Amino acid sequence: MTVPTVSDRVAQMLVKQTIEPILEPVFLPDSYGYRPGKSALDAIGVTRKRCWKYDWVLEFDIKGLFDRIDHELLMRAVRKHIVCPWALLYIERWLKAPMVREDGTTIERSRGTPQGGVVSPILANVFLHYAFDLWMARAYPELLWCRYADDGLVHCRNEKEALAVKAALQARLAECHLELHPSKTKVVYCRDGTRRRKYPNVKFDFLGFCFRPRKVKRPREDSFFCGFNPAVSNSAMKAMRATIRQLNIRRQTHRSLNDLAQLLNPLIRGWIAYYGRFSRSALYPVLRDVNLILMAWMMRKFKRFRNHKLRTGRFFERLSKERPDLFAHWRVGMVGAFA
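Hey, could you go over the overall build of the protein chain for me, with residue numbers and the actual values?
Counting its secondary structure elements, the protein chain contains twelve helices and nine strands. The 339 residues of the protein chain split such that 45% are buried. Restricting the contact set of the protein chain to residue pairs at least 6 apart, pairs at least 24 apart contribute 66%. Entry remark: accessible area of the protein chain is about 17700 Å², with carbon and sulfur atoms responsible for 53%. For the protein chain, the distance from the average position of its 60 positive side-chain charges to the average position of its 32 negative side-chain charges is 9 Å.

Got a sec to walk through the packing of helix H1 (residues 6-23) against helix H5 (residues 85-96)? Specific residues and values, please.
At a closest axis distance of 10 Å, the pairing of H1 and H5 adopts a crossing angle of 130°. When the interaxial angle is binned, H1 and H5 end up oblique. Once H1 is placed against H5, the crossing between them reads as left-handed. Facing H1, whose interface residues are Asp8, Ala11, Gln12, Leu14, Val15, Thr18 and Ile19, H5 presents Trp86, Ala87, Tyr90, Ile91 and Trp94. Taken together, the residues of the contact of H1 with H5 sort by class into nine nonpolar, two polar and one charged.

Tell me about the pattern of salt bridges, residues and numbers included.
Opposite charge on two side chains makes pairing possible when the charged atoms of those side chains draw close. Evaluation of the coordinates by the stated rule reveals 14 salt bridges. Lys16 is the partner of Glu20 in a salt bridge, and the nearest nitrogen-oxygen pair spans 3.1 Å. Placement of the pair is Glu20 and Lys16 together in helix H1, with a separation of four residues, close to one helical turn. Note that Arg68 is salt-bridged to Glu179, the shortest N-O span being 2.5 Å. Taken together, the residues Arg68 in helix H3 (residues 65-68) and Glu179 in the loop between helix H7 (159-175) and strand S6 (186-189) connect sequence positions 111 residues apart. Arg68 gets classed as partly exposed once you look at its relative accessible area, which sits at 27%. Put simply, Asp55, Asp192 and Arg195 are held in one network by salt bridges that share partners.

I'd love a proper account of the sheet that holds strand S9 (residues 224-232), names of residues and values included.
The sheet built from three strands is open, its strands ordered S7-S8-S9 with antiparallel pairing. In this open sheet, the two strands that pair with only one neighbour each are strand S7 (204-206) and S9. Strand-to-strand twist in this sheet, taken as the mean axis angle between neighbours without regard to direction, amounts to 50°. Of the strand pairs in this sheet, strand S8 (residues 209-217) and S9 are connected by nine bridges, and their pairing is antiparallel. Residue pairing for S9: Lys215 is matched across the bridge by Cys226.

Give a detailed account of the side chain of Asp192, specifying residues and quantitative values.
Here Asp192 lies in the loop between S6 and S7. The class of Asp192 is buried, set by a relative accessible area of 12%. Of note is the side chain of Asp192, whose polar atom sits 3.0 Å from the backbone nitrogen of Thr194. In this view, Asp192 contacts Cys226, Gly227 and Phe228; residues no more than four positions away in its chain are not counted.

For unusual backbone geometry, give the residues involved together with the corresponding values.
Of note in this structure, Tyr34 is not a glycine but carries a positive phi near 55°. Here Tyr34 lies in the loop between H1 and helix H2 (40-53). The phi torsion at Ala149 lies on the positive side, around 55°, for a residue other than glycine. Relative to the helices and strands, Ala149 resides in the loop between strand S4 (144-148) and strand S5 (151-156). The buried category is assigned to Ala149, whose relative accessible area is 6%.

Describe the packing of aromatic side chains, naming the residues involved and giving the relevant values.
When we look at a pair of aromatic rings, we describe it by the centre distance and by the angle of the planes. Across all of its chains, the model carries 20 aromatic pairs by this definition. Their ring planes at 10° and their centres at 4.8 Å tell us that Phe204 and Phe211 sit as a pair that is stacked. Residues Phe204 and Phe211 agree in their burial class; the two are buried. Here Phe315 and Phe316 contribute two aromatic rings whose centre-to-centre distance is 5.4 Å and whose plane-to-plane angle is 80°, an arrangement assigned as edge-to-face. Phe316 sits in the buried class, given a relative accessible area of 0%. Above the plane of the ring of Phe224 lies Lys215, whose end atom (NZ or CZ) is 5.8 Å from the centre.

Please provide a residue-by-residue account of a nonpolar patch on the surface, values included.
Taken together, Leu14, Trp86 and Tyr90 make up a surface patch of nonpolar side chains, about 280 Å² in accessible area. Within the secondary structure, Trp86 is located in helix H5.

How would you summarise the environment of Ser223 if you had to cite specific residues and measurements?
Mapped onto the elements, Ser223 comes out in the loop between S8 and S9. C-alpha of Ser223 to C-alpha of Trp86: the two residues are 137 residues apart in sequence and 63 Å apart in space.

Requested: an account of the pairing of strand S1 (residues 56-61), with residues and values cited.
Burial within S1 is extensive, with six of its six residues counted as buried. Alternating residues of S1 divide into Trp56, Leu58 and Phe60 and Val57, Glu59 and Asp61, and every residue in both groups is buried.

What counts, and at which threshold
- One numbering rule holds for all chains: residues counted from 1, following each sequence as written.
- Only residues with pLDDT of at least 70 are given local features in this predicted model, and only at 80 or more are side-chain atom pairs given and counted; all residues enter the totals for whole chains, interfaces and linings.
- Just so you know, side-chain values use all the structure's heavy atoms and leave hydrogens and water out.
- The helix count covers DSSP runs of H or I at least four residues long, the strand count covers runs of E at least two residues long, and both are numbered beginning at the N terminus.
- Here's how the labels work: a residue is buried when its accessible area is under 20% of the maximum for its type, exposed when over 50%, partly exposed in between, all with a 1.4 Å probe on protein chains only.
- Only heavy atoms matter for contacts: two residues are in contact if any of them lie within 4.5 Å across the pair.
- A 1.4 Å probe and the Shrake-Rupley method give the accessible areas. Residues count as covered only by the protein chains that appear here.
- Neither His nor the chain termini are counted; the positive set is Lys and Arg, and the negative set is Asp and Glu.
- By convention, charge coordinates are those of NZ in Lys, CZ in Arg, CG in Asp, or CD in Glu.
- With axes taken as lines fitted to C-alpha atoms, and helix axes fitted only over the stretch in contact, angles between N-to-C directions fall between 0 and 180 degrees.
- Throughout, the term roughly parallel applies to angles under 35 degrees, roughly antiparallel to angles over 145, roughly perpendicular to angles from 65 to 115, and oblique to all others.
- Crossings are sorted by hand: turned counterclockwise from the far helix by less than a right angle, the near helix makes the crossing left-handed, and turned clockwise it makes it right-handed.
- Each residue gets one label: Ala, Val, Leu, Ile, Met, Phe, Trp, Tyr, Cys and Pro are nonpolar, Asp, Glu, Lys and Arg are charged, and the others, such as Gly, are polar.
- Salt bridge, as used here, is a side-chain nitrogen of Lys or Arg placed within 4 Å of a carboxyl oxygen of Asp or Glu.
- Two strands are counted as paired when DSSP detects at least two bridges linking them.
- A 3.5 Å cut-off defines polar contacts: any pair of N or O atoms within that distance qualifies, except that in protein one atom must be a possible hydrogen donor and the other a possible acceptor, and neighbouring residues in sequence count only when both atoms are side-chain atoms.
- Stacked, tilted and edge-to-face are the three classes assigned to paired rings of Phe, Tyr and Trp, where Trp is represented by its six-membered ring and a pair needs centres within 6.5 Å; plane angles under 30 degrees give stacked, over 60 edge-to-face, the rest tilted.
- Here, a charge over a ring is recorded when the distance from Lys NZ or Arg CZ to the ring centre is within 6 Å and its angle to the ring normal is within 35 degrees.
- Residues enter a patch when their relative accessible area is above 30% and they make no salt bridge; the linking distance is 9 Å between like charges and 5 Å between nonpolar side chains (Val, Leu, Ile, Met, Phe, Trp, Tyr).

What follows is the structure, given as structure tokens:
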């Protein structure tokens, strides 16, 4: 692969800043990926409301988008809006730059955007604006959809309609030299307390959240109902646990508890800010793991706590009440268990 140099990144940023103000007004509102003023959480929020309204969802993923974008089709889309000669010249040069293998040999390219390039996301958005967004507006103007880069959803009124959209989308992407990811594209039934039909797929993952039937507390009441709602996905929690393991906290006995807080808090704050926006309680298992790792660190560092899990747990319970601002999840009341 070709890794952009510092000068390439600076030049790509300049091109991005030049073409973004021109392209932003062109993009449709339901395209959320890599756009100023839009976020993944915005996409999750609008998807949640639409899943309450529509019974069926087509979840799709475009296989290897950034490696498969056709250069000729991409430049045709770019030239519809960008007339700046030097910006067009640089974009073409970056697209045509040969890929360098590990053995030093080069491969000429006719597909794909610059690997790790600052300008790649906006180029991908231009391509999919024509390949998907405008196509959906023409072919299915009555259906709502949401796209974040190469991940997307189409809300449908029945299973037959969802399957028809899937087949049509597959054909459309083939025209654009792209294809749907076979294992990440499926039709989902938004099952809840009132929609009780049996169907093989009643959940889907989108942007780190899992949408599925969940027990939900009624506002200002003590009763519960079954709703179709998002919460942090299992794959996202697995990634968070892997990140914590890589820090090897248990063996950081040369550090103080304050040091560990400085190490962990940026991660925890980010997880709570993102995944805690919807169904915050679903984060408890991961935050409980953080507490257990802190206990393991304490028992390894201090002899008086060694092999005394109960004593260590009681110590952290007191500490979380005396210094709730020490760790980010303690600060917002997500202390969890120390056992």
